Each structure stands twice: as C-alpha cells, then as structure tokens.
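Letter by letter, the chains look like this.
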Amino acid sequence: MTHSSTQVGIVGAGPAGLMLSHLLHLRGIESVVLEARTRDEVEGTIRAGVLEQNTVDLMVETGLGDRVKAEGLEHHGIELRFGGRGHRIAFDELTDGRAVTVYPQHEVLVDLIAKRLADGGDIRFGVSDVEVHDHTSDNPSITYTDADGNPHTVRCALVAGCDGSRTRTRKLIPEPAVRTDHFRQYPFAWFGILAEAPPSSEELIYANHPRGFALISTRTPQVQRHYLQVDPDDSVDNWSDDRIWSELHARVDGEGAEIKDGRIFEKSILQFRSFVCEPMQHGNLFLAGDAAHTVPPTGAKGLNLAVADVYVLSKGMAEFIETGHRGRLDGYTETVLPRIWRTQHFSWWMSSMLHRLPDASGFDQRRQVAELDMVTRSVAGRTLIAENYVGTPLG
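Rules of the game
Residues numbered from 1 in each chain as written. Predicted model: local features only at pLDDT ≥ 70, side-chain atom pairs only at ≥ 80, totals over all residues. Heavy atoms only, no water. Pairing = 2+ DSSP bridges. Helix = DSSP H or I, 4+ residues; strand = E, 2+ residues; numbered from the N terminus. Contact = heavy atoms within 4.5 Å. Axes fitted to C-alpha atoms, helices over the stretch in contact; angles between N-to-C directions. Phe/Tyr/Trp six-rings, centres within 6.5 Å; stacked < 30°, edge-to-face > 60°. Buried < 20%, exposed > 50% of the residue type's maximum accessible area, 1.4 Å probe, protein only. Lys NZ or Arg CZ within 6 Å of the ring centre and 35° of its normal.

As annotated in an unreviewed UniProt entry, the protein chain is 4-hydroxybenzoate 3-monooxygenase from Rhodococcus olei.

What follows is the structure in structure tokens.
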C-alpha cells in the first residue's frame, strides 16, 4: 500500500472535479483528482455543451479561454417556435449584451485536463475501488487501486465528491437521517442525432408542435445536433434515418425555418430526470455537480451548474485551508441551493411549455400555446427567459 497526502482529495474528473482542482491551484492549494475512466475515455465521451456567459467568463479569466473564444459559437438568442412561426428571444438586447457559447462539454474537459497537467496537476486516471474514509473526522482519506493494480491511500484535509450522477460519494451522507433526495422522472425523453449537414439555423430552435417537441442545435458548421421528443421506452432501432428527418421536418418546418438533411452518424435516447440532494455536505465531504443534482437538458444547465458549485466551493475550501475558518465552507450548501432550485425551476418550466405530455387534453395543449404566446409577446417574459438562459452572475 502506497501512502501520499494532499490538501483536497477530489473524486471524479468531470467538469466539477477538474474545474475545482483548477480553481484551487490558482489559490496555491494542492489536490489529487481520482478518475475511473482513462484520459482518452474522458476526452472522447461526446456531450452537448451550451456555456453560460458566466462559464465562458470564468474560463477566460482563469486561463482556459483560448479555444472556447476561438472555436466556440457565440449565440445572442434562441427561437421559440409554435403555431408554425418563430419567436426570437434576443439575449443581447434583454441582458445588456450577454450571450451563450456553443462549445461541447468534452472540449471543456480537454482544455481543463491540458491546463491542469501543464500546471503540474495530479490527475490519476483509470483507478478503481475508490473509497472515502473518515470524512466526518479531521483526517479523511481515500483508498483506491491504480491502473496497474497497485493499492494506494491518499490522506487529505477535505474531500470533494464530483463523481457524477452514478456517484458513490453521495451515499456517504446518511439517508434519511441527514440526506433528503428530491427526484422527478419526466414522462418523455429526447431522441438525439448527430448529422453531417449544414446548419438549419443560426441559433437554436425550440419547437412546440402537436406531434411533440423538437430542438434544432449545432456542434460545428459541419456537424448538427438535433433532438425529438419520444416516449421514454422508445428505442433507437425504431427510427430509420428517413423517419427521423420526416419527423423533424413535420415539427419544425414552416414560416422562416426549413431543416437541412444530412448523413446521421450517431443516435441516442436521453432520459429526463430532475434530482437534488440536501444537504450537499457532511463533515469534510462536499458534493458538486451531478453527484448532488441533475437537471433536464431543456435549459442546457448541467455543466454550468457544476461550475457554479465549485466556484463557491473553491472559495470555502481556500478560506479554510488558508485561515482555518469554516464560515464559507460550512455555508456551502446554503449558498448554492437557491441557484440550484432556480435552475431546476427554469428547466422544468421550459420543459413544461415545450413538450407534449402523454395525457394532455385539447385544453392542455391550447393552454400551453397560450403560455408561449404570453411569454414571447411580453418584454418581461422574454427577459425572464433570457436572463435565466444566459445565467445570472456567479457569487
């Protein structure tokens, strides 16, 4: 058994874990990041990515901004489409010039990993049997087996559980004695495709249609990402390329919009769930990102919420390690939960306006269209969407 020590032990090399390690490094604080996947697996897992203004600003301010500024696609609005017509939500006009940037999550991870390694960061890929010990004491430790099968122990002052929605660290917070889980399963899913095709729109289109929701998105000028609302029990095997394009045309085409077809090279089904655990800390263990909460993809908030978590957590950890004071650290959950629940509401609200519910009556469908009409007609309504979509300031 090999023993080592660090100041913060981080379980998981996703957006939360890597950004936390990066922000701590900027304060002169050491960390060890433990990740079950290999580096190639982490960097090669294709994920969507719409970055809030806050996330892009933080990346730029902390030395991660070169590629996102050069390669990211800055969007200054989205289109809500219903009744065969589009209604633009102009972010720049409604939020004093703020925007979002389309930049895939795996590219953010590529940037973070490269920066951490360039800065001498300690990321240990391909580990297994990760266990956190004594997290309620002043001397936590983490045991694991490295990629070569050798056992290790890392002693640390603080532990961050950033190991995603399939987390094991969350289970260390006793339920129900300490932890309460809030969960919602939605009665629909998204069928997603990646296609070699020119962009169908300069901005994202969110379409409400009697046949179901559709989202027209993009990855690069040559690769497009589109989604269709389907039943949660549906299968990719039920969808031929012709059926996919036919359904996208039916749900989106009309005044001012026409989908451009291409070669589909990836198909997947994405389930819709909302989850929050409270509290997000226990002793010297602190959860961040998907380990603590998940949101439906409608508002594009998952990665951004993880970054907001660790922005706060890094400050609390730094204060404790530098001064011994636990004020910010002990207040971590209380500080981040309001943003988390506002984000849950925004994602739920967008989903409820845009998707057709399985048991929806004619009244429900007409009421839904009326809500979209009311929101898009009103400057206040458009501003509410814009402010939440581009993200409220961190801190």
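Asks: Please set out the sheet that holds strand β2 (residues 8-11) residue by residue, giving values where relevant.
Replies: Reading across the sheet, the six strands line up as β9-β3-β2-β13-β20-β19 and stay open at both edges, with mixed pairing between neighbours. At either margin of the open sheet sits one strand with a lone partner, and together these are β9 (122-124) and β19 (281-282). The pairing of β2 with strand β13 (residues 158-161) spans four bridges and is parallel. The partner of V8 across the bridge, within β13, is L158. Running over the sheet, helix α1 (residues 15-26) touches β2, β3 (31-34), β9 and β13 and is turned about 160 degrees from β2.

Asks: Any details on the sheet that holds strand β1 (residues 2-5)? Residues and values, ideally.
Replies: The strand order β1-β12-β11-β10 describes an open sheet built from four strands, whose pairing is mixed. Edge positions in the open sheet fall to β1 and β10 (128-133), since each of these has one partner strand only. Between one strand axis and the next, the sheet turns through 20 degrees on average, direction left out of account.

Asks: Can you break down the packing of aromatic side chains residue by residue, with the values?
Replies: As enumerated under the stated definition, the model contains 12 aromatic pairs in all. Judged by centre distance (6.2 Å) and plane angle (45 degrees), the rings of Y206 and F213 are tilted. Accessibility expressed as a relative area gives 1% for Y206, which makes it buried. Judged by relative accessible area, which is 0%, F213 ranks as buried. Taken together, the aromatic side chains of F91, Y186, F188, W190, Y206, F213, Y227, F272 and Y389 make up a single cluster linked through ring pairs. The ring centre of F320 lies 5.1 Å from the NZ or CZ of R326, which sits over that ring.

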